[in-house]
Amino acid sequence: MLRTTSMIVFVLIGGVIASPSASAQNKASMSPLPDTLPMINVDGRHAVSLDGEWRAIIDPYETGYQDYRGNIDHDGFFRDATPKDKSDRIEYAFDTAGTLNVPGDWNTQRPELFYYEGTIWYRRKFDYTRKVDKRAFLYFGAANYDARVYLNGEELGRHVGGFTPFQFEITNTVKDGENSLVVKVDNSRHSDAVPMNVTDWWNYGGLTRSVLLIETPMTFIRDYALYLHPDRDGAIEGWVQLDGPDRRQVVSVHLVDVGSGMAIKANMFGRAKIHRGGLAIQRWSPENPRQYQVWIRSGEDSVEEKIGFRRIEVKGRDILLNGKPIFLRGICLHEERPAGDGRAFNAEHAETQLAWAKELNCNFVRLAHYPHNDAMIRAAERMGLLVWAEIPVYWGIEFDNEDVYANAERQLSETIARDRNRACVAMWSVANETPLSDARLAFLRRLIDAAHRLDPSRPVTAALEVHYRDANTIEINDPLGAYLDILGCNEYIGWYDGAPAKADGITWTTPYNKPLVISEFGAGAKFGRHGDADARWTEEYQADVFLHQTQMLDRIDFLRGVSPWILKDFRSPRRLLPEIQDNWNRKGLVSEKGERKKAFNVLKEWYAERRKAGK
Ligand code: GCB
């Protein structure tokens, strides 16, 4: 949440400069949220959904925001305040405007919005009764990309970044009776945004995730972390952070299924440290995705959710899950609905796609290229899939721009804050295919430090680009590798880089003593298009790429995981080839309708063999 850009820059940059760097092997405990970040686990709280039909005014010239000279109109033409005089509202009317569903992208709700990029004003009315002993918050799961929020005509604040949650406290702004909530959402692309103006995915705009009105007691449980002690078996550690006037309250934490509880008094900062040993805890893993019902109570407040407990570490070239080396059999996913177009936003969307991943024999998914919705992460945890979680530092963003850095770090903080209690999240990725430069190295080193500082318990990775040492040797020597815990690398041998058989002669090497995850490889194929294995866009060609690739991957001795590109065909404005692409990136193993292409089975069988061989 930010009220002005300059404020958030100050907060974040100040944090970066003042904080020591940490490493993933560092066993220090995770730090609580800065006050600018939203509360966690909103599903486990007392909330009223504001989802459903919202009135929507499509405003490509931002008439509700700027006057005819292009100046910001501080009277808030579209903010839907009580009319001040008769001349108000001559040229717009929410009451008779069309509607859009929330959550949901606008592009797939009305044909005329399919390619729309710009501003839409959303309005939703709700009734409220103020209570003396309660606080009220508006919580947005995500709005792509730039959101300004107004309640009863008053600006609450602004949030930039399309894939992370934000909240505004409205305890003193909300009124008894009818309230008018207006949100200006602008998905215009900019070269100094994160992501930048060029991406290989659809720029779905709107209130793409749920909106909630959350009530809490005056002092409430804002944030917490609970995790397995890094060295001691059967010990849970963590902390609970209270927010409000009575910070020195007692906090109790119950692990319901093991019948164990603990009660600790919070300190003057509202922080209670948790430690409990001697617990018979089964560790979460893809084979046994065991979760425990956890209740946290303090004063009038209580939250609950299911949490899995596990350990993830990197040792030399191995990734260890609960102390044992694991090979990550993965697949990449975009956040799109499994059938038809549009952004995914609920558990059903998540479960359908993750079931396809399970059918492929996966134990891992790379959630590209931005933080996916909370329902996706929770479904992955329930279903036993480890997650590579990522922020949209993608391609050529402005690495020498301090505001861009602040934006990227804020999105990283918001992601880590929301998901740090998820056992399935195995690593944070800070970048995808970023070109080598000094500015980029400095930017990403800072971001890696920030990830380690915000969450010392998880490894940090990035999807690097391929560099050839000679015609037959790929060497992962990107200087960023020195700062990552896990090396990620995207390569397209057989598609952008030579013919499929080129993979047969390629050797991989690296000076780093670190595990490698091949975070992308793939080839385009239109479902139902058949031909010889050397005919591009056929299912046979794609399957051939997967055959040669998997044979090559078997020869990389420091390979510890793979996530081919990609589970399902996805919308992309960069994919222009008529009759084959038609604005779809066709590298999916299933079509946009869920039909399996031939390569699906190639990968499925290879993963079955790897699983059988225990590697
Ligand atoms: C990549 C990008 C991914 C693209 C993919 C492609 O390397 O990371 O976002 O969609 O290639 O299909 O070209």
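About the thresholds
- Residues numbered from 1 in each chain as written.
- Predicted model: local features only at pLDDT ≥ 70, side-chain atom pairs only at ≥ 80, totals over all residues.
- Heavy atoms only, no water.
- Core = buried A, V, L, I, M, F, W, Y, C linked by side-chain atoms within 4.5 Å.
- Buried < 20%, exposed > 50% of the residue type's maximum accessible area, 1.4 Å probe, protein only.
- Helix = DSSP H or I, 4+ residues; strand = E, 2+ residues; numbered from the N terminus.
- Pairing = 2+ DSSP bridges.
- Right-handed = clockwise from strand over helix to strand, strands pointing away.
- Near = heavy atom within 4 Å.
- Polar contact = N/O pair within 3.5 Å; in protein donor to acceptor, adjacent residues only side chain to side chain.
- Areas by Shrake-Rupley, 256 points an atom, 1.4 Å probe, with all protein chains shown as cover.
- Nonpolar A, V, L, I, M, F, W, Y, C, P; charged D, E, K, R; others polar.
- Contact = heavy atoms within 4.5 Å.
- Phe/Tyr/Trp six-rings, centres within 6.5 Å; stacked < 30°, edge-to-face > 60°.
- Salt bridge = Lys/Arg side-chain N within 4 Å of Asp/Glu carboxyl O.

Asker: Could you clarify how one ought to interpret the nonpolar core in this entry?
Answerer: Looking at soluble globular proteins, one finds that nonpolar side chains tend to be buried together. If you look at the biggest cluster of nonpolar residues, it comprises 92 residues, and the most contacted ones within it are Ile 331, Val 393, Phe 443, Leu 447, Trp 508, Leu 516 and Leu 553. Per-element tally for this core: the top contributor is helix 5 (residues 438-454), with eight residues. Counting residues in hydrophobic clusters, the runner-up holds 30 residues, among them Tyr 116, Val 149, Leu 151 and Val 185.

Asker: Sorry, what's going on with the pairing of strand 31 (residues 559-562) here?
Answerer: The side chains of a regular strand alternate between both faces of the sheet. Bridge count for strand 21 (residues 328-333) against strand 31 is two bridges, and the pairing is parallel. Pairing of Leu 328 across the sheet is with Gly 561, part of strand 31. Traced from strand 30 (residues 516-520) through helix 6 (residues 539-554) to strand 31, the parallel crossover comes out right-handed.

Asker: Help me understand the environment of Val 198 in this model?
Answerer: Considering the arrangement of structural elements, one finds Val 198 in the loop between strand 9 (177-186) and strand 10 (211-217). Since its relative accessible area comes to 34%, Val 198 is described here as partly exposed. A sequence separation of 375 residues divides Val 198 from Pro 573, and the C-alpha atoms of the two residues are 9.7 Å apart.

Asker: What am I meant to see in the site of the ligand here?
Answerer: Around the ligand, 14 residues are found, and the nearest of them are Asp 200, His 369, Glu 433, Tyr 496 and Lys 587. In the model, an oxygen atom of the ligand is placed 3.1 Å from a nitrogen or oxygen of the Arg 575 side chain. In the environment of the ligand, an oxygen atom lies 2.8 Å from a nitrogen or oxygen atom belonging to the side chain of Asn 585. If the ligand stood free it would expose 310 Å²; the protein chains cover 97% of that surface. Its residues placed into classes, the shell around the ligand shows five nonpolar, four polar and five charged.

Asker: I'm lost on the side chain of His 229 in this one. Help?
Answerer: Assignment of secondary structure puts His 229 in the loop between strand 11 (220-228) and strand 12 (236-243). The contact partners of His 229, leaving out residues within four places of it in the chain, are Ala 235, Glu 237, His 275 and Arg 311.

Asker: How should the packing of aromatic side chains be read in this particular structure?
Answerer: Remark: the centre distance and the inter-plane angle together describe each pair of aromatic rings, the angle taken between the planes. In this structure the tally under the stated criterion is 23 aromatic pairs. Judged by centre distance (4.9 Å) and plane angle (75 degrees), the ring pair of Phe 114 and Tyr 115 falls under edge-to-face. Look at Tyr 115 and you get exposed, because its relative accessible area is 57%. Following the ring pairs from residue to residue traces out a cluster consisting of Phe 163, Trp 201, Tyr 370, Tyr 394 and Trp 395.

Asker: What exactly am I supposed to notice about the pattern of salt bridges here?
Answerer: A side chain of one charge can pair with a side chain of the opposite charge when the charged atoms of the two come close. If you walk through the whole model with that rule in mind, you get 41 salt bridges. For Asp 105, the salt bridge is made with Arg 337, and the minimal N-O distance between the two is 3.5 Å. Here Asp 105, found in the loop between strand 3 (99-102) and strand 4 (119-128), pairs with Arg 337, found in the loop between strand 21 and helix 2 (347-359); they are 232 residues apart in sequence, far enough to count as distant. The buried category is assigned to Asp 105, whose relative accessible area is 0%. Across the pair Arg 189 and Glu 117 runs a salt bridge whose closest N-O atoms are separated by 2.7 Å. Taken together, the residues span a long stretch of sequence, with Arg 189 in the loop between strand 9 and strand 10 and Glu 117 in the loop between strand 3 and strand 4 at a distance of 72 residues. Taking relative accessible area as the criterion, Glu 117 reaches 34% and is therefore assigned partly exposed. Taken together, the salt bridges that share partners define one network made up of Glu 305, Asp 374, Arg 378, Glu 381 and Arg 422.

Note that every value here comes from positions in space, so none of it alone points to a role or purpose.
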